Amino acid sequence: MKSEPHILIVDDNREIRDLVSRFLEKEGYRTSSAADGRAMRKVLKDGKIDMVILDLMLPGEDGLSLCRELRVESNIPIIMLTAKGEEIDRIVGLEMGADDYVAKPFNTRELLARMKAVLRRTQNMTTEEELAGAYRFAGWTLNTTNRELTSSDEVVVPLSTGEYNLLTVFVERPKHVLNRSQLMDLTRGRTYDAFDRSIDTQVSRLRRKIEIDAKNPELIKTVWGGGYVFTPDVIQT
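Model, not experiment: these values are computed from the prediction.

> Could you give an account of the overall build of the protein, naming the residues involved and the relevant values?
Looking only at helices and strands, the protein has nine helices and 13 strands in total. A burial count over the protein gives 50% of its 237 residues as buried. In the protein, of all internal contacts separated by at least 6 residues, the share reaching a separation of at least 24 is 59%. Carbon and sulfur atoms make up 51% of the accessible area of the protein, which amounts to about 12,100 Å² in all.

> Describe in detail the packing of helix H7 (residues 161-172) against helix H9 (residues 198-210), supporting the description with residues and values.
The geometry of H7 relative to H9 is characterised by a closest axis approach of 10 Å and an angle of 80° between their N-to-C directions. Judged by the inter-axis angle, H7 sits roughly perpendicular to H9. Facing Gly162, Glu163, Leu166, Leu167 and Phe170 of H7, the residues of H9 in contact are Gln202, Val203, Arg205, Leu206 and Lys209. Classifying every residue of the contact of H7 with H9 gives five nonpolar, two polar and three charged.

> Run through the pattern of salt bridges, naming residues and quoting values.
Per the stated rule, a full pass over the model turns up 16 salt bridges. The shortest N-O distance in the salt bridge between Arg114 and Asp100 comes to 3.6 Å. On the criterion of sequence distance, the pair formed by Arg114 in helix H5 (residues 108-123) and Asp100 in strand E5 (residues 100-104) is long-range, its members being 14 residues apart. You'll find Arg114 and Asp100 in the same group, each marked buried. Close ionic contact of Asp233 with Lys175 constitutes a salt bridge, the shortest N to O distance being 3.3 Å. Of the two residues, Asp233 sits in the loop between strand E12 (227-230) and strand E13 (235-236) while Lys175 sits in the loop between H7 and strand E10 (177-178), which places them 58 residues apart along the sequence. The network of salt bridges with shared partners includes Asp11, Asp55 and Lys104.

> Lay out the sheet that holds strand E9 (residues 156-157) with the relevant residues and their values.
Spatial ordering of the open sheet is given by E9-E8-E7-E6-E13, a layout of five strands whose pairing is antiparallel. In this open sheet, the two edge strands, each paired with only one partner strand, are E9 and E13. As defined by bridge partners, strand E8 (residues 148-150) adjoins E9 across two bridges and the pair is classed as antiparallel. Among the inter-strand pairings, Leu149 is bridged to a residue of E9, identified as Val157.

Criteria and thresholds
Residues numbered from 1 in each chain as written. Predicted model: local features only at pLDDT ≥ 70, side-chain atom pairs only at ≥ 80, totals over all residues. Heavy atoms only, no water. Helix = DSSP H or I, 4+ residues; strand = E, 2+ residues; numbered from the N terminus. Buried < 20%, exposed > 50% of the residue type's maximum accessible area, 1.4 Å probe, protein only. Contact = heavy atoms within 4.5 Å. Areas by Shrake-Rupley, 256 points an atom, 1.4 Å probe, with all protein chains shown as cover. Axes fitted to C-alpha atoms, helices over the stretch in contact; angles between N-to-C directions. Parallel < 35°, antiparallel > 145°, perpendicular 65-115°, else oblique. Nonpolar A, V, L, I, M, F, W, Y, C, P; charged D, E, K, R; others polar. Salt bridge = Lys/Arg side-chain N within 4 Å of Asp/Glu carboxyl O. Pairing = 2+ DSSP bridges.

This is the structure:
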C-alpha cells in the first residue's frame, strides 16, 4: 500500500503550523513541522519528506536562504508562503528554485490544490514519460526516467521540479509557440494570472542552464505578444 506524502511545514508562527498540520492530516497526509532552519534540517535528516511548505519571512535564516540551500542539496518540491502583495519575494523565491507559492493570508483549500498539482508532477511519472526515455536537443539530453539533464560533455545539470516540468513541455512541443496561459496550465495545472510572473521566472532560470548566452537566447525564444517557442530540433529516443 502506498503511503501518503509526508509534508514538512516550516513557519515560525505556531498557529499557522498547527492549522496547516491539522488540515492536511484530515486530508490524509502525514505532517511534520519546524519553526526555523535548524529544526527543518533535523526533520529532513531524520525522515523522508515529500514536500516542504516554506515561509519566506522567517527570523534568523530567512526562507529564501533555506530555499536556496534545499535546492542545492535536493530536488524536493517546495511551496513558498509569501506575504500578500510582495511580488519581489515570490520572484526571488522562484529564482531560488521553489516550485510554486501561496500568498498569505491563504485558504487551506488553495494550498492543498497547489500541493496536489506539484506532487502529481513530481511523484506520478506518467507512462508516456517512461516510454519516451530521453529527448536530445542541441547537444543536451533530457532523460525522463531519472529526470536528469546532461550536457554534451556528460555533465549532469540539476533541475528543480518547475524547471524540469517546463523543459519537458518544451521538448514535447518544439517549434510551437506556447503562450503563458498554456505554459501555466501544462506545468502547474492552473489558470494563468496576468500579474503572475512565475512562468517568466522559470524560463529565465532554464535559459541560464541551457543557453550559451542567457541574455541572447537561441533555444527558448520570446515571441512578443505570443509567449515562448522552443527552437531546436528534438530527437526522442
